[in-house]
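Residues per chain, in single letters:
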Amino acid sequence: MQMADAAHPISHAAVPHGDAHGHGHHPNLEHHFDSLTQQFDAGKLGMWLFLATEVLLFGGLFCAYAIFRRNHPEVFMYAHQYLDTTWGAINTVVLLVSSFTMAWAVTASQRGQRNLTSLLLALTFLGGVGFMVIKAIEYQHKFHDGLMWGTHYDPSKHGHGHGEGHGAAAHGAAAAAGHAAAGDGRGGAAESHAAGAAASAGAAGDHGASAAHPEATTSVHAPETPGQGASAAAADADVPPERAPLEPSQVALAPSGPAGLHVGGHDLHGPRPDNVHWFFGVYFTMTGLHGLHVLAGMAVIGWLFVRSVRGDFSADYFTPVDLGGLYWHLVDLIWIFLFPLLYLIH
Amino acid sequence: MSSLNPAAAGPLVGAPATDNYLTHSRGFWSWAATLDHKRIGVMYLVGIFTMFLVGGLFAVLLRSVLLTPDAAAGGVKTIVDANMYNRFFTLHGAVMVFIVIIPGIPAALGNFVLPLMLGAKDVAFPRLNLCSFYLWLIGTGMALSSLYWGGVDTGWTFYTPYSTKVGSSGAFGGVVPVVAGAFVLGFSSIFTGLNFIVTIHKLRPPGMTWFRMPLFLWGTYATAVIQVLATPVLGITLLLLLAERLLGIGFFDSELGGDPVLFQHFFWFYSHPAVYIMILPAMGVMSELISVFSHKHIFGYKFIAFSSVAIAILGFLVWGHHMFTSGQSELLGVIFSAITFSIAIPSAVKMFNWLTTLYKGSIDFKAPMCYALSFMWIFGIGGLTGLFLGMMGLDQHLHDTYFVVAHFHYVMAGTIFVFFGAIHYWWPKMTGRMYDEGSAVLASILMFIGFNLTFFVQFMMGTRGMPRRYYEYRPEFQMGHVISSIGSYVMLAAVLLLIYTMIRSLRSGRPAPANPWGAGSMEWQCASPPPHDNFKTPPPVVDAYDYESLEWDERVGGYVHRGRRGGPAAAH
């Protein structure tokens, strides 16, 4: 092992022999260790154990994922198409590159290259920043579109949201009157629904409105101009959804037929199954917990950067960089599992 | 060198004037910011014992409420209403499990003893150790703050959907602080376990091989493995519970298509191994106590060592036996039932080894031994009634009755008995003072009587259908409840006597010799109390259960190594 090789000679050089009382140790050697090697090995074992606990922490979520997906594959097949694979792929690359710079930083610190270590740590930190920014963009889209968990899942918004956002002409809500085809401008490509499908889409899209205020649906949502209808519906959608309107029978959207919606270039085939919110619950807990770990990792790397600039590390003593690196790699590794499990399922 | 064998150096013994870990530095911060495992252990001990009193107080209140069957019968029921009763039993359970028993032996006594037994200067990560103590404090504070937020009445298991829906003050309620507190306590537990594993792996001095380690270290090691591997699952479970309650995530909510039984799986995946987190260190202490106070080499060392590991592994595979009535599949039930039975084997291995150690030993009925023998009785009953509950058919009848309550108290409170025994055993080492044997033994006997009075009758009530956690009950159960409550008062008296004994020891106890019991493990080779950095040079590693080489030395009032008496160490 390279690290053990690097640490071994130091321990002999740095610890004065014959000093049983522990004075004059290497400044980074704590009093209860005999040698830097022992200290390094202990730190490394401790970090691996900690990583094991992290894996188990996420293990619970992976377990929940497996159970929900096994019981209801249709939810995952349907809902994952709302995730943006492009952003996900970019984020994967960002994290992999940051893992590379981190690994390089560990090597540099083992060689005592202080400036290079600092630079690489800074780059790794920036990778973390990039990842979180992209994640924030993705989250914002999801929030905007009501693609959220449990009680906050609001299927009406991802109709409205994209329609407005991309300036598409018509809106599903307009079709609540039961007439002309309504365009749903997801992904910039306005596409017409079959009238019947759009009608039910509109009705379900108005979720609370259709369920809780049936009169409102028919009277208010039959305006002359579709734009007003859309904004009225959007205003409706801003009302915090109550639990009742979200019951499966009411949220169930059953536009049979090839009423394909376009989301980010993906075709959404088939009807929306019940309990789509599970997928987003899983998505947000897994990526959210992972995001917290990225933030924690960034804090660690920021601290390592400060210490590196200060000159704490040398070829004699690089344990914190090594351990911080291990942690960062684990955070990356978890994402490597999250990305295909959430974004790339077929 | 006298430092090799402080017991031999007569003038040093019990002289508080010499530098030890208690006198090494002074002032509040020398304790609050200490990195010394011994001081952290002592702080843990004080904290955990205090919380034991709090949890015990809840229990005595509960028992008092249950003296009379219902409000119509008058009496104490009017003191505490049903809602308050629910909060009390919940807090009693949560405090005793998460705050007292789980950290009890490992964090308080393990912290103090483990590095000494190993011959190390400290645990591997002293700062993490201190951090773990403060996490314990914070978690405890959070859990207790639930009283202010309206209390929590879910029981310590936090079963969904009740725990996610019901609360006295809206979404927050008392559930959130308790669950968040348990999460923080989990981290405290993980860090302790991690520290111990690394310490045992990396800080063993030369000559201290795995099979020379005292069995307490094997027990602690097996415990630490469970702490590290099971607690994160509790962490994520509690996080999901919080997400469910605060954000409405719906995983455990059948209204949103979620699965409440999933919560039970998650919860017991941790909480069954947690039972072994509680019992394994106690079993480790037992192996020390039984051997030392029989003055006889432990029987079947390797079997005891490996049975700890076997229990740790099997303990991960039995969680489903808590859910025989929760609608899990029959096949799953059969498998869990079978593994549950098989875990009796390593437990029985320990029991038989202790019995065999006692056989033809020269048994010394000191207070620690009285607690140890009590444990054998209590754990025997607790373990065997566990087999009743592991039977799928019988469990249908006994599930959620007093039988279950009695069973797990016979197991978990068995740990408390060993905890008390261990406090007495290591008390001279920790404080440098002896305690009064007479009142300590009396307390242990009272404790034993009180405990059996309280809980044995609950087996009978349970088989006759008395459900657990009920505030009111049918009048025919009153006799049982009264006996049970009287038992709890006897235990209260025992604990008060124990406290009195210990305070008197601190004030006027005779100075302790290095090795008052004639124990062979390494912590008895340094002075009582130990010096700040334990061993200037690692002491020679000897067989921890070899009592042949020890003899009583009147001059120091304790045991010394034969041949090293009154002079420089002849051996080694």
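No experiment lies behind these values; they were computed from the predicted model shown.

A. How the structure looks around the overall build of chain A. Each helix and strand counted, chain A has 13 helices and four strands in total. Each of the 346 residues in chain A was classed as buried or not, and the buried ones make up 49%. The contacts of chain A with a sequence gap of at least 6 include a subset with a gap of at least 24, amounting to 74%. Accessible surface for chain A amounts to roughly 14900 Å². Of this, 65% is attributable to carbon and sulfur atoms.

B. Region of the structure containing the pairing of strand S2 (residues 558-561) of chain B. Residue and element names in this part refer to chain B. Relative to S2, strand S1 (residues 550-553) runs antiparallel, the two sharing four bridges. Within S2, the position partnered with Trp-552 by the bridge is Tyr-559. Hairpin remark: S1 followed by S2, antiparallel, with four residues in the connecting loop; positive phi at Gly-557, about 65 degrees.

C. Quick peek at helix H6 (residues 175-202) of chain B. Under the 1.5 Å per step criterion, the end-to-end length of H6(B) is 40 Å for 28 residues, consistent within 8% with the ideal 40 Å. A large share of H6(B) lies buried, amounting to 25 of its 28 residues.

D. Examining the interface of chain B and chain A more closely. Chain B puts 38 residues into the contact, and the matching count from chain A is 35 residues. For the pair chain B and chain A, the two sides together bury roughly 3200 Å², of which 74% comes from carbon and sulfur. Its largest share of buried area at the contact with chain A, chain B owes to B:Lys202, B:Phe251 and B:Leu256, together 18% of the area lost on that side. Linking chain B to chain A there are one salt bridge. We note a salt bridge from B:Arg127 to A:Glu30, for which the minimum N-O separation is 2.8 Å. There are six residue pairs in polar contact (both at pLDDT 80 or more) connecting chain B and chain A. Put simply, the parts of the chain that give the side of chain B that touches chain A at least two residues each are helix H4 (126-145), H6, helix H7 (215-247) and helix H8 (260-294) of chain B.

E. Examining the packing of aromatic side chains more closely. Using the criterion set out here, one finds 77 aromatic pairs over all chains in the structure. Geometrically, the ring pair formed by A:Phe339 and A:Tyr343 is tilted, given 5.2 Å between the ring centres and 45 degrees between the ring planes. Remark: A:Tyr343 and A:Phe339 occur in helix H13 (residues 319-343); sequence separation between them is four residues, near one turn of the helix. For the pair formed by A:Phe339 and A:Tyr343, the shared burial category is buried. With a centroid separation of 5.9 Å and 80 degrees between ring planes, the pair formed by B:Phe456 and B:Phe459 is classed as edge-to-face. Here B:Phe456 and its partner B:Phe459 are both found in helix H15 (residues 437-463), three residues apart, which amounts to about one turn of the helix. Of the residues examined, B:Phe459 reaches a relative accessible area of 7% and is grouped as buried. We note B:Arg39 situated over the ring of B:Trp31; from NZ or CZ to the ring centre the distance is 4.4 Å. A cation over an aromatic ring shows up here: B:Lys302 above the ring of B:Phe211, its NZ or CZ 4.4 Å from the ring centre.

F. Fine view of the nonpolar core. Membership of the largest hydrophobic core comes to 252 residues, with the highest contact counts inside it found for A:Phe279, B:Phe98, B:Trp354, B:Phe420 and B:Trp426. In terms of residue count, helix H3 (residues 82-118) of chain B provides more of this core than any other element does, 23 residues in total.

G. Structural context of the side chain of A:Thr117. Residue and element names in this part refer to chain A. As for its position among the elements, Thr-117 is in helix H5 (residues 114-144). Taking the relative accessible area as the measure of exposure, Thr-117 reaches 2% and is therefore buried. With sequence-adjacent residues up to four places away left out, Thr-117 is seen in contact with Ala-105, Ala-108, Ser-109 and Ser-308.

H. Expanded view of the confidence of the model for chain A. Residue and element names in this part refer to chain A. Confidence along chain A averages 70 in pLDDT terms, with 60% of residues attaining 70 or more. A low-confidence stretch, residues 1-23 stays under pLDDT 50, and its non-local contacts, those more than four residues away or across chains, total 30 contacts. Counted against residues more than four places away or in other chains, residues 160-267, with its pLDDT under 50, gives 149 contacts.

I. Region of the structure containing the pattern of salt bridges. Enumeration over the complete set of coordinates arrives at 10 salt bridges over all chains. Taking the shortest distance from any N to any O, the salt bridge between B:Lys38 and B:Asp36 comes out at 3.1 Å. Using a relative accessible area of 0% as the deciding quantity, one classes B:Lys38 as buried. Connected via shared salt-bridge partners are A:Arg307, A:Arg310 and A:Asp312.

J. Inspection of the confidence of the model for chain B at higher detail. All names here are of chain B. Taken as a whole, chain B shows an average pLDDT of 89; of its residues, 93% reach a score of 70 or greater. When pLDDT is averaged over each element of chain B, H15 comes out on top at 97 and helix H5 (residues 162-165) at the bottom at 83. Confidence drops under pLDDT 50 across residues 1-16; counting only partners more than four residues distant or on other chains, this segment forms 35 contacts. Here residues 566-572 is a poorly scored stretch, pLDDT under 50, and it has 10 contacts once near neighbours within four places are set aside; other chains count.

K. How the structure looks around the environment of B:Trp136. Residue and element names in this part refer to chain B. Here Trp-136 is to be found in helix H4. Residue class for Trp-136 comes out buried when judged on its relative accessible area of 2%. Spatially, the C-alpha atom of Trp-136 lies 8.7 Å from that of Pro-103, the residues being 33 residues apart in sequence. Dropping the residues within four chain positions of it, Trp-136 is found in contact with Tyr-44, Gly-47, Ile-48, Met-51, Ile-99, Pro-103, Leu-185 and Ser-188. A distance of 3.1 Å separates the side chain of Trp-136 from the backbone oxygen of Ile-99, its partner in a polar contact.

Conventions we followed
- Residues numbered from 1 in each chain as written.
- Chains lettered and ligands numbered in written order.
- Predicted model: local features only at pLDDT ≥ 70, side-chain atom pairs only at ≥ 80, totals over all residues.
- Heavy atoms only, no water.
- Helix = DSSP H or I, 4+ residues; strand = E, 2+ residues; numbered from the N terminus.
- Buried < 20%, exposed > 50% of the residue type's maximum accessible area, 1.4 Å probe, protein only.
- Contact = heavy atoms within 4.5 Å.
- Areas by Shrake-Rupley, 256 points an atom, 1.4 Å probe, with all protein chains shown as cover.
- Pairing = 2+ DSSP bridges.
- Expected span 1.5 Å × (residues − 1).
- Buried area = accessible area lost by both parts, 1.4 Å probe.
- Salt bridge = Lys/Arg side-chain N within 4 Å of Asp/Glu carboxyl O.
- Polar contact = N/O pair within 3.5 Å; in protein donor to acceptor, adjacent residues only side chain to side chain.
- Phe/Tyr/Trp six-rings, centres within 6.5 Å; stacked < 30°, edge-to-face > 60°.
- Lys NZ or Arg CZ within 6 Å of the ring centre and 35° of its normal.
- Core = buried A, V, L, I, M, F, W, Y, C linked by side-chain atoms within 4.5 Å.
- pLDDT = per-residue confidence, 0-100.

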